[in-house]
Amino acid sequence: MTTPIAGAAGVPLIEAQDLTVRFGKVTALDGLELTAQAGKVLAVLGPNGAGKTTFVRCIATLVRPDAGRLLVRGQDVVREASSVRRDIGLAGQFAAVEPTMTGRENLEMTARLFGHGRTAARLAAASVIDQLGLGDVADRRTGGYSGGQRRRLDLGASLVGSPRLLLLDEPTTGLDPVGRSEVWAAVRDLAATGTDILLTTHYLEEADELADHVVVIDHGQVIAAGPLGELKASIGQDVIDIAVSDAATLPAVADILTRVTATPARRQPAGQHVTALAPGGPAQLAAVIGRLQQAAIAVEEIGLRRPSLDEVFLVLTSASDGAGDPTPPATAGQLVTGRTS
Ligand SMILES: Nc1ncnc2c1ncn2[C@@H]1O[C@H](COP(=O)(O)OP(=O)(O)OP(=O)(O)O)[C@@H](O)[C@H]1O
Ligand SMILES: [Mg+2]
């Protein structure tokens, strides 16, 4: 059982100040500022190349910052790297397991690498197998594991050291829905036992499912951060969502929606839905209904709702690209704490 992080009073889980990492001419992290408190599942979102993996690798002490400061539970990742390493577990984007060995053998080997003796390694492996519900497959060679089973084993390998902070870089990329839900269940169980979790993901649905707090990174900077609900509210706009019964009417509906809201209408992949941000709220909804009636287009459902994380993400990242304005929104970099910078 992992000890919950109470953290010394007032000591944040992660504190990044002006964190800068360069790879040759590429600036992967560009003065990133973030304060995150313990006790929450934190999802780091951002487009390809935003700097998410680099940030995770800095926390894991695998990448040394070129400038700025990064503290993990109050410990400096450069000066106190070995104590930071004792606190964390990392599961990378590609599951690293030895295919000719069984799951149990893989976990025991990892535990030995953590410095456990033979008996302690056996116990640590058994405990992780139990924790992640891998009992059915633990004694089979991992070469025959499904993608989801392999990911769970990889997650297990990052747990044998009983980390206080678990770092998951794209834990479900490439998994089918079953594999994904298996990993989600494991992450939820871990969070429930008090392990702090920081995960990166491209699946906004995943952040919605698992995370209490979200950080959006773009161009190596935090462009927004906060509890999910607040982030959704922060863009200050609702969405008009229309479901049509006849798919042939979708283009006409999308056209009306775009004209009234002056924002691009998007056809949703699931079902016969078309949506658009509605800066004008209920008045625009009324206008859309009027236009649909005029055009004699029947719809199955129409309404105003809060934006999904997906929609919030698009608004935030397109604002950060378009304006080129380095000033982050008011919530950027501040999670829970009273930091004022
Ligand atoms: N070892 C490296 N050498 C050179 N450039 C690197 C290295 N690691 C990262 N970069 C560059 O730094 C930038 C940030 O990369 P990073 O992997 O952190 O992005 P990411 O947000 O994780 O992207 P993705 O969503 O594609 O995984 C990119 O431009 C990338 O090409
Ligand atoms: Mg990455």
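Residues numbered from 1 in each chain as written. Chains lettered and ligands numbered in written order. Predicted model: local features only at pLDDT ≥ 70, side-chain atom pairs only at ≥ 80, totals over all residues.

**A look at the packing of helix H9 (residues 250–261) against helix H10 (residues 281–294)**
As a packed pair, H9 and H10 sit with axes 10 Å apart at the nearest point and diverge in direction by 140°. In terms of orientation, H9 and H10 fall into the oblique class. By crossing handedness, the relation of H9 to H10 is classed as right-handed. For the pair H9 and H10, contact is made by Ile 256, Leu 257, Val 260 and Thr 261 and by Gln 284, Ala 287, Val 288, Arg 291 and Leu 292, respectively. Of the residues assigned to the contact of H9 with H10, the class counts are 6 nonpolar, 2 polar and 1 charged. (Axes fitted to C-alpha atoms, helices over the stretch in contact; angles between N-to-C directions. Helix = DSSP H or I, 4+ residues; strand = E, 2+ residues; numbered from the N terminus. Parallel < 35°, antiparallel > 145°, perpendicular 65-115°, else oblique. Left-handed = near helix turned anticlockwise from the far one by under 90°. Contact = placed C-beta atoms within 7 Å. Nonpolar A, V, L, I, M, F, W, Y, C, P; charged D, E, K, R; others polar.)

**What to know about the sheet that holds strand S2 (residues 26–36)**
One open sheet holds the 4 strands; their spatial order is S2-S1-S4-S5, and the pairing between them is antiparallel. Only two strands of the sheet have a single partner each, and these edge strands are S2 and strand S5 (75–76). (Pairing = 2+ DSSP bridges.)

**Observations regarding the nonpolar core**
One finds Ala 43, Ile 59, Leu 167, Val 214, Val 215 and Val 216 to be the most contacted residues of the largest nonpolar core, which totals 76 residues. For Val 216, the contacting residues outside a window of four places in its chain are Leu 45, Gly 46, Ile 223, Ala 224, Ala 225, Phe 313 and Leu 316. Formed by 16 residues, the second largest nonpolar core is a distinct cluster that contains Val 239, Val 244, Val 274 and Leu 277. (Core = buried A, V, L, I, M, F, W, Y, C linked by C-beta atoms within 7 Å. Buried ≥ 20, exposed ≤ 12 C-beta atoms within 10 Å, placed from the backbone.)

**Overview of the site of ligand 1**
Every residue near ligand 1 is listed here: Phe 23, Val 26, Ala 28, Gly 46, Asn 48, Gly 49, Ala 50, Gly 51, Lys 52, Thr 53 and Thr 54. For the shell around ligand 1, the elements supplying multiple residues, two or more each, are S2 and helix H1 (52–59). Per-element accounting of the shell around ligand 1 gives the leading share, 3 residues, to H1. When the residues that make up the shell around ligand 1 are grouped by side-chain class, the tally is 4 nonpolar, 6 polar and 1 charged. (Near = placed C-beta within 6 Å.)

**A few points about the environment of Arg 259**
Looking at the secondary structure, you find Arg 259 in helix H9. C-alpha separation for the pair Arg 259 and Val 288, spaced 29 residues apart in sequence, amounts to 9.0 Å.

**As for the pairing of strand S1 (residues 14–23)**
Both S1 and strand S4 (residues 67–72) contribute to a ladder of 5 bridges, which runs antiparallel. When the sheet's bridge partners are listed, Gln 17 is paired in S4 with Arg 69. Inspection of the sheet shows S1 paired to S2 by 8 bridges, in the antiparallel sense. Counted as the bridge partner of Ile 14 is Ala 36 from S2.

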